[in-house]
Amino acid sequence: MLVLSRKKGESIIIQDHIEVTVLAVEGDTVRIGIAAPKHIDIFRQEVYASIQEANRESATPLAPNVKAFMELLRETENKKK
Amino acid sequence: MWGEIDVRDENVYRFSKGLPGFDEETEFALIPWEDTPFIYLQSTKEPELSFLLVSPFVFTPDYSFELPEADRTELEISEEVTVYSIVTIQAEVSKSTMNLLAPVVLNPSKRIGKQVVLHQSSYATRHEIWPAGDTNSVKGGV
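Residues numbered from 1 in each chain as written. Chains lettered and ligands numbered in written order. Predicted model: local features only at pLDDT ≥ 70, side-chain atom pairs only at ≥ 80, totals over all residues.

**Here's the deal with the interface of chain B and chain A**
To keep it simple, the criterion reads: Note on contacts: residues are paired as contacts if their backbone-placed C-beta atoms lie within 7 Å. We count a stretch as a helix when DSSP gives it H or I for four or more residues in a row; a strand needs E for two or more, and each element gets its number in order from the N terminus. By the convention adopted, Pro, Cys, Tyr, Trp, Phe, Met, Ile, Leu, Val and Ala count as nonpolar, Lys, Arg, Asp and Glu as charged, and the other residues, Gly among them, as polar.
Listed by partner, the interface residues are 32 residues for chain B and 25 residues for chain A. Contributions of two or more residues to the side of chain B that touches chain A are made by β4 (50–54), α2 (69–74) and β5 (82–88) of chain B. Its residues assigned to classes, the side of chain B that touches chain A shows 18 nonpolar, 10 polar and four charged.

Now the structure itself:
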């Protein structure tokens, strides 16, 4: 990992188009501003990781689970009627 | 999981960035589960990869979010837009969830799709489809 020290107000350029600026430092919280082209997706790491994990859990549901799910769905629908 | 099936072109969508955790999967077919609000998202490249999707509004009628400008541009959305949530069938089926934080947004006229991650949102990746209590009497045999 490349490690750089920056002060408040200083920034880093990545590949011409992405600029990361340190806006403020308060205790152990650092506020960061990111300017990037629109097609670049930016996420908080833990949010992205939780979506990756949810997707992996959801991938290719097993047939018996789908069947149980379908039965429950039908039962709740009938109950509503 | 289907053996071999024919899918009409109009149901094949390009996901240029894949899905988080499945970056390589850039093309999916939509396969409706008839008579239900559910639909399968089946990779066209990887037969063993599919997701169960649901229209989130069926179970959470007040679900709403603003599609960020950048995503709208990327999806080339002018008018038509379709929203689905990915379903996670849990071991205890009645506790199954859907991902409201990262909806699958589709542009049906251009046939492009993206799993959009909502920022500044309090929606969860695991939102219970049937909130606690909804199915209790059913489990008792009615």
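**Some words on helix α1 (residues 45–58) of chain A**
Threshold: What a helix is expected to span follows from its residue count: subtract one and scale by 1.5 Å. To sort residues by burial, count the other C-beta atoms lying within 10 Å of each one's C-beta; a count of 20 or more means buried, 12 or fewer means exposed, and anything in between means partly exposed. C-beta atoms are built from the backbone. Taking the helix axis as origin, the arc is that swept by the directions to the C-beta atoms.
Between its first and last C-alpha atoms α1(A) spans 20 Å; for 14 residues at 1.5 Å apiece the expected length is 20 Å, and the two agree. Those residues of α1(A) that sit buried are A:Ser50, A:Ile51, A:Ala54, A:Asn55 and A:Ser58. Across the axial projection of α1(A), the buried residues extend over an arc of 135°, all falling on one side. Away from its buried face, by an angle of more than 90 degrees, α1(A) presents the exposed residues A:Gln45 and A:Glu46. If you follow the buried residues of α1(A), they end up packed against β4 and β5 of chain B.

**Points about the sheet that holds strand β2 (residues 18–26) of chain A**
Residues and elements named next belong to chain A. What counts here: Any two strands between which DSSP finds at least two bridges are classified as paired. Axis lines are fitted to C-alpha atoms, over the contacting stretch for helices. Their N-to-C directions set the angle, which ranges from 0 to 180 degrees.
Taken together, three strands build an open sheet; the order of strands is β1-β2-β3 and the sheet is antiparallel. The open sheet has two edge strands, β1 (11–14) and β3 (29–35), and neither has a second partner. Within the sheet, the average angular offset between the axes of one strand and its neighbour, ignoring direction, is 25°. Across four bridges, β1 lies against β2 in antiparallel orientation. By the bridge assignment, Ile13 is partnered in β2 with Glu19.

**Quick word on the domain arrangement of chain A**
Stated precisely, the cut-off is as follows: Note that domain bounds follow an automatic or database assignment of domains.
Taken domain by domain, chain A holds domain 1 (1–42) and domain 2 (43–81). A C-alpha centroid distance of 37 Å is found between domain 1 of chain A and domain 2 of chain A.

**Considerations on the pairing of strand β7 (residues 104–107) of chain B**
Within a regular strand, side chains alternate between the sheet's two faces. Residues and elements named next belong to chain B. Residues Val104 and Leu106 line one face of β7 and the alternating positions Val105 and Asn107 line the opposite face, and both faces are buried. When β5 meets β7, the two strands line up antiparallel, connected through three bridges. Residue pairing in the sheet places Val83 in a bridge with Val105 of β7. Bridge count for β7 against strand β8 (residues 112–115) is four bridges, and the pairing is antiparallel. Across the sheet, residue Asn107 finds its bridge partner in β8, namely Ile112. The turn joining β7 and β8, which pair antiparallel and follow one another in sequence, is formed by four residues; a positive phi near 55° is taken by Arg111.

**A closer look at unusual backbone geometry**
Residue A:Thr60 is not a glycine yet carries a positive backbone phi of 45°. Within the fold, A:Thr60 resides in the loop between α1 and α2 (63–80). One non-glycine residue, B:Asp35, lies in positive phi territory at about 65°. Summarising the element assignment, B:Asp35 is placed in the loop between β2 (27–32) and β3 (38–43). Residue classification places B:Asp35 among the exposed residues on the basis of 6 C-beta atoms within 10 Å.

**Brief notes about the confidence of the model for chain B**
Residues and elements named next belong to chain B. Put simply, the rule is: A residue's pLDDT is simply how confident the predictor is in it, with values from 0 to 100.
Scored by pLDDT, chain B has a mean of 89; 91% of the residues are at 70 or more. Across chain B, element-level confidence peaks in β7 with a mean pLDDT of 98 and bottoms out in helix α3 (residues 136–139) with 47. Predicted confidence for residues 137–142 stays below pLDDT 50, and this span has six contacts to residues more than four positions away or in other chains. For this predicted complex, the interface confidence reaches an ipTM of 0.87, while the overall pTM sits at 0.87.

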